[in-house]
Amino acid sequence: MSVPDAQIHPHATGPAALTAAKHQDPRDIIFWTGWVPLCLSHFCPASQRVWIALEEKGIPYQYKEVNPYKKEDAFLRINPKGLTPTVQYRGKQLVESLILLEFLEDAYPTYTPHLLPADPFERAQVRLALDHLSKQVLPAFFKTVQAQDKDKQKEELQEYYVALRKLVKEVKGPYFLGEEFSLVDVAMAPWVVRDYIIETHRGYKREEVGSGWKEYAEALEKRDSVVRTCSDKEHYEPIYGRYLRDESQSETAKATRAGRAVI
Ligand code: GSH
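Along each chain, residues carry numbers from 1 onward, in the same order as the chain's sequence is written. In view of the model being predicted, local features appear only for residues whose pLDDT reaches at least 70, and side-chain atom pairs are presented and counted only at 80 or more, with totals across whole chains, interfaces and linings using the full set of residues. In computing side-chain properties, one takes all heavy atoms of the structure into account and sets aside hydrogens as well as water.

### Some points on the layout of surface pockets
The definitions used throughout rest on a 1 Å grid laid over the protein atoms alone, on which a cavity is an enclosed set of points accommodating a 1.4 Å probe that cannot get out and a pocket is an open set flanked by protein within 12 Å on both sides along at least five of seven lines; lining residues are those having an atom within 4 Å of a point. Grid points are joined across faces, edges and corners, and a volume is the space filled by probe spheres set on the points. Approximately 220 Å³ is the volume attributed to the second largest pocket. Q125, L128, A129, D131, H132, K135, Q136, K166, L167, E170 and F176 together form the lining of the second largest pocket. Only runs of H or I of at least four residues qualify as helices and only runs of E of at least two qualify as strands under DSSP, and these elements are numbered from the N terminus. Listing elements by their share of the lining of the second largest pocket, those giving two or more residues are α5 (120–146) and α6 (150–170). Among the elements that line the lining of the second largest pocket, the one with the most residues is α5, at seven residues. Amino acids outside the nonpolar list (Ala, Val, Leu, Ile, Met, Phe, Trp, Tyr, Cys, Pro) and the charged list (Asp, Glu, Lys, Arg) are all regarded as polar, and Gly is one of them. Among the residues forming the lining of the second largest pocket, the class breakdown is four nonpolar, three polar and four charged.

### Observations regarding the packing of α5 against helix α13 (residues 251–258)
A fitted line through C-alpha atoms represents every axis, and for helices the fit uses only the stretch in contact; the resulting angles, taken between N-to-C directions, go from 0 to 180 degrees. With their axes 10 Å apart at the nearest point, α5 and α13 run at an angle of 90° to one another. One way to sum up the angle between α5 and α13 is to call them roughly perpendicular. Residues F142, K143 and Q146 of α5 pack against T252, A253, T256 and R257 of α13. Here the angle decides the label: under 35 degrees means roughly parallel, over 145 means roughly antiparallel, 65 to 115 means roughly perpendicular, and every other value means oblique. Every residue pair with non-hydrogen atoms within 4.5 Å of one another is taken to be in contact.

### Focus: the pattern of salt bridges
Side-chain pairing between opposite charges can occur once the charged atoms of the two side chains come close. We count a salt bridge whenever a side-chain nitrogen from Lys or Arg sits within 4 Å of a carboxyl oxygen from Asp or Glu. The full count for this structure, using the stated rule, is 17 salt bridges. R90 is the partner of D28 in a salt bridge, and the nearest nitrogen-oxygen pair spans 3.1 Å. Placement of D28 in the loop between α1 (14–21) and β1 (29–36) and of R90 in the loop between β4 (86–89) and β5 (92–95) is noted, with a sequence separation of 62 residues between them. Salt-bridge contacts for D131 lead to K135; the nearest nitrogen and oxygen are separated by 3.1 Å. With D131 and K135 both in helix α5 and four residues apart, this pair spans about one turn of that helix.

### A word on the site of the ligand
Residue proximity to a molecule or strand is established when one non-hydrogen atom of the residue lies within 4 Å of it. Residues in close proximity to the ligand total 16 residues, the closest being C44, T84, E96, S97 and E251. Side-chain polar atom of E96 to a nitrogen atom of the ligand: 2.7 Å apart, as the coordinates give it. Protein chains bury 94% of the 520 Å² of accessible surface belonging to the ligand in isolation. Listed by contribution, the elements that provide at least two residues to the shell around the ligand are α2 (45–57) and α13. Broken down by class, the residue content of the shell around the ligand amounts to nine nonpolar, four polar and three charged. Bear in mind that the domain bounds are from an automatic or database domain assignment. Shared between two domains, the shell around the ligand takes at least three residues from each, and those domains are domain 1 (14–107) and domain 2 (120–258). Here a polar contact means two N or O atoms within 3.5 Å. Within protein one must be a hydrogen donor candidate and the other an acceptor candidate, and residues neighboring in sequence count only if both atoms are side-chain atoms. Note on areas: Shrake-Rupley with a 1.4 Å probe; residue coverage comes only from the protein chains shown.

Printed below as a string of structure tokens:
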């Protein structure tokens, strides 16, 4: 299995490139995000979660791109697993997108909007929804993408619809908690902006999820912080081609094959 080409000189594309260009100076936070030169894009949905939160809250950060498939020594010294997102905070390393989202809330309490609500019951609801994303929604997304047999693709797509229907039942609209943007929205948005991949290749339709999903998906993809952290769509295709052919050797692809939680 070849490593996505890291020899091509990187040029980010689309709104993401403009946002990245504004965040080159050293800061307390260094945000390492997944970049694959072949795609000419910041492709990593887990990194996009963290990027959306940084942009939402206006936290000063330094943007750095790394190809997580290449596992260069310099990056392995920062994150021994070589995965993105990775954050260095005042010289110390942190990983895992959902943990990083909560860390930003804790480390920058005066930066708004607050992406975790103040009410303990609502906070628990947000965490339950995040748990549902990790255990049901995203495994079903990746199983749908990686399935090769047509019947299996349809079966996995139905599982994805079931998982999304459970989520949308809790969405108050326009966002998960109502008017307030929260970590559920941040965590889901990167998959909404990539759902054209399963629309094109697996027959997914937002309307099939049922009442409210299309509206929720559109609200997420129109959010400024989401727009500002997206590369041009066509550049995502090469990296997802590897998933669609079930050729990817990424940790996520391997976890999907092994039936484990993926992101
Ligand atoms: N659970 C991690 C998170 O949520 O941060 C997953 C991170 C992850 O798998 N990132 C991908 C990666 O670094 C890019 S989106 N892949 C490289 C590899 O699998 O070797």
